[in-house]
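# Fold and contact review
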Amino acid sequence: MKKILILSSSPRPTGNTDRLCNAFRKGAMEAGHEVEKVWLGNKQIGFCRACYCCHNGPCPQHDAAAGIVDKMLKADVIVMATPVYFYTMSAQLKALIDRSVMVYPRIINKTFYYLMAMADEDGEMFKGTIEALRGFVECCEGSKEAGMVCAKGVYEVGTIDATHYLDEAYELGKSIH
């Protein structure tokens, strides 16, 4: 059994990205894993101030970042889910990644999955988001990317329901060993 953390960075709690998360979670739970989804849309996560106080103690910002980053440290699998805005990840997810500077050298040997949704129909437009996510994973020693779902052409809430992307997310979650 793996401990799986899903970071849903959709600002809409029932948006297309969050629906991908729910499908992935269902598959992973059916495969017998412990799954927790954290919806970043209702969390206060301040921007990193580069003060580096975190190297000698706790971050002086008293918000949700430290608790979520602690969950990342404890997870075996981390799912980073984001809508694609201007060809990169949401500000919610980027802020959390930046705040992980306090512990990223200890985010090691993790398996990462990416779930992404965007309105654009051109799949090439995922490139910036994928590269940004990979940049973070490369900083997490011994970690690897294991799969992704790139849902294109889904803009209005719920349009993803009429596509194959939810099935893909479900199967990806279910495939975790």
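Our structure's up above, just so we're on the same page.
Within each chain, residues carry numbers counting from 1 in the order of the written sequence. In keeping with the predicted nature of the model, local features appear solely for residues at pLDDT of at least 70, side-chain atom pairs appear and are counted solely at 80 or more, and the whole-chain, interface and lining totals rest on all residues. Excluded from the side-chain calculation are hydrogens and water; included are all heavy atoms of the structure.

Here, strands pair whenever DSSP counts at least two bridges between them. Secondary structure elements follow DSSP: runs of H or I of four or more residues count as helices, runs of E of two or more count as strands, with numbering from the N terminus. Taking strand neighbours across the sheet as the criterion, the five strands line up as E2-E1-E3-E4-E5 in an open arrangement whose pairing is parallel. Edge strands, defined here as strands with exactly one partner in the open sheet, are strand E2 (34-39) and strand E5 (144-151). On average, each strand axis in the sheet is inclined to that of its neighbour by 15 degrees, with strand direction left out of account. Here strand E1 (residues 3-8) runs beside strand E3 (residues 77-83); their pairing, made up of five bridges, is parallel. Paired with isoleucine 4 across the two strands is valine 77, which belongs to E3. Against the sheet, helix H2 (residues 65-74) engages E1, E2 and E3, with an angle of about 145 degrees to E1. For helices, the fitted line uses only the C-alpha atoms of the stretch in contact; every axis is such a line through C-alpha atoms, and the angle between N-to-C directions lies from 0 to 180 degrees. Note on contacts: a residue pair qualifies if any of its non-hydrogen atoms lie within 4.5 Å across the two residues.

Turning next to the packing of helix H1 (residues 16-30) against helix H5 (residues 165-174). It is at 6 Å that the axes of H1 and H5 come closest, and there the two elements cross at 35 degrees. As for how H1 packs across H5, the hand of that crossing is right-handed. Here Arg19, Leu20, Ala23, Phe24, Lys26, Gly27, Ala28 and Glu30 of H1 lie close against H5, whose contacting residues are Tyr165, Leu166, Ala169, Tyr170, Leu172, Gly173 and Lys174. Three classes are used, and their members are as follows: Ala, Val, Leu, Ile, Met, Phe, Trp, Tyr, Cys and Pro are nonpolar, Asp, Glu, Lys and Arg are charged, and the others, Gly among them, are polar. For the contact of H1 with H5, the class distribution of residues is nine nonpolar, two polar and four charged. Crossing chirality is assigned from the near helix's rotation relative to the far helix, an anticlockwise turn below a right angle marking it left-handed and a clockwise turn marking it right-handed.

This part covers the nonpolar core. Counting 33 residues, the largest nonpolar core has Leu7, Met72, Met80, Ile107 and Phe112 as its most contacted members. Secondary-structure elements contributing two or more residues to this core are E1, H2, E3, helix H3 (91-99), strand E4 (111-117) and helix H4 (127-138). Ignoring sequence-local partners within four residues, the contact set of methionine 80 consists of Leu7, Leu93, Ile97, Phe112, Tyr113, Tyr114, Leu115, Leu133, Phe136 and Val137. Formed by 24 residues, the second largest nonpolar core is a distinct cluster that contains Val77, Ala81, Leu115 and Ala169. Note on terminology: a nonpolar core comprises buried Ala, Val, Leu, Ile, Met, Phe, Trp, Tyr and Cys residues joined through side-chain atoms within 4.5 Å. Note on classification: 1.4 Å probe, protein chains only; a residue is buried when its accessible area is under 20% of the maximum for its type, exposed when over 50%, partly exposed between these limits.

Attention now moves to the pairing of E2. Bridge analysis of E1 against E2 gives six bridges, and the strand direction is parallel. From the neighbouring strand, lysine 3 faces E2, where its bridge partner is glutamate 34. Note on the crossover from E1 through H1 to E2: the handedness is right-handed. With its strands directed away from the observer, a crossover is right-handed exactly when the path from the first strand over the helix to the second travels clockwise.

Quick look at the environment of glycine 46 now. Tracing the backbone shows glycine 46 in the loop between E2 and H2. In sequence terms glycine 46 and alanine 65 are 19 residues apart; their C-alpha atoms lie 7.7 Å from each other. Those residues in contact with glycine 46 that sit more than four places away from it in its chain are Gln61, Asp63 and Arg99.

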